[in-house]
Amino acid sequence: MQVTGRKMNILFLCTGNSCRSQMGEGYTNALKGDVFQAYSAGVRAQDHVDPRAVAVMKEDGVDLSANRPKTLDDLKDVEFDVVLTVCDNANETCPVFPGKTNRVHHSFDDPPKLTQGMSDEEALPVYRRVRDEIKAFVEALPESLNMATQKENAHAVHPRSH
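Residues numbered from 1 in each chain as written. Predicted model: local features only at pLDDT ≥ 70, side-chain atom pairs only at ≥ 80, totals over all residues. Heavy atoms only, no water.

> An account of the pairing of strand 2 (residues 36–42) is requested, with residue identities and associated values reported.
Counted residue by residue, strand 2 has 6 buried out of 7 residues, so it is predominantly covered. Examined bridge by bridge, strand 1 (residues 8–14) and strand 2 share 7 bridges and lie parallel to one another. Bridging across to strand 2, methionine 8 finds its partner in phenylalanine 36. Crossover handedness for the path strand 1 to helix 1 (residues 20–31) to strand 2: right-handed. (Buried < 20%, exposed > 50% of the residue type's maximum accessible area, 1.4 Å probe, protein only. Helix = DSSP H or I, 4+ residues; strand = E, 2+ residues; numbered from the N terminus. Pairing = 2+ DSSP bridges. Right-handed = clockwise from strand over helix to strand, strands pointing away.)

What follows is the structure, given as structure tokens:
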């Protein structure tokens, strides 16, 4: 996946745009901003970015404190080269994008869901693990998009011909 002459627009899409997609956007703009312009959105945006996500990203030098959750309507004027769904719900409810948008799915665990009822001390290691997985995915861009596509195609159900 290569667009010559300009940065590729990549959208990280999840359910609430409060954690994983925000991390993806933050890391991509910080680490791969010479190649990609990253955005994030949610199928149904939350009221605010998860404070634990903000905290663990800040530990690694990426500031999400000024970010706000967005929906696809907030980004309707942006033409995306790649839409990366980072959770199964977003993948299942992802709308069709016009043009030559490539849709790729790579699911990451949902820290808020996994840590419900936990203290910060108990929850932050889960957030850090997912943060580090997202960072590794971003560091491997654009190759990780190709790998995610291949993995997705390998798991697709293909009808048998008789």
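> Outline the pattern of salt bridges, listing residues and values.
Scanning the entire structure with this criterion turns up 11 salt bridges. Its salt-bridge partner being aspartate 109, residue arginine 129 comes within 2.9 Å of it at the nearest N-O pair. Placement of the pair is arginine 129 in helix 5 (residues 120–139) and aspartate 109 in the loop between strand 4 (102–105) and helix 4 (111–114), with a sequence separation of 20 residues. Arginine 129 is the salt-bridge partner of glutamate 133, the closest N and O atoms lying 3.0 Å from each other. Residue glutamate 133 and its partner arginine 129 are both found in helix 5; the two are separated by 4 residues, about one turn of the helix. On the accessibility criterion, glutamate 133 (34% relative accessible area) is partly exposed. What makes arginine 129 partly exposed here is its relative accessible area of 33%. One salt-bridge network, in which partners are shared between bridges, spans Glu59, Arg128, Arg131 and Asp132. (Salt bridge = Lys/Arg side-chain N within 4 Å of Asp/Glu carboxyl O.)

None of this, on its own, says anything about what the molecule does.
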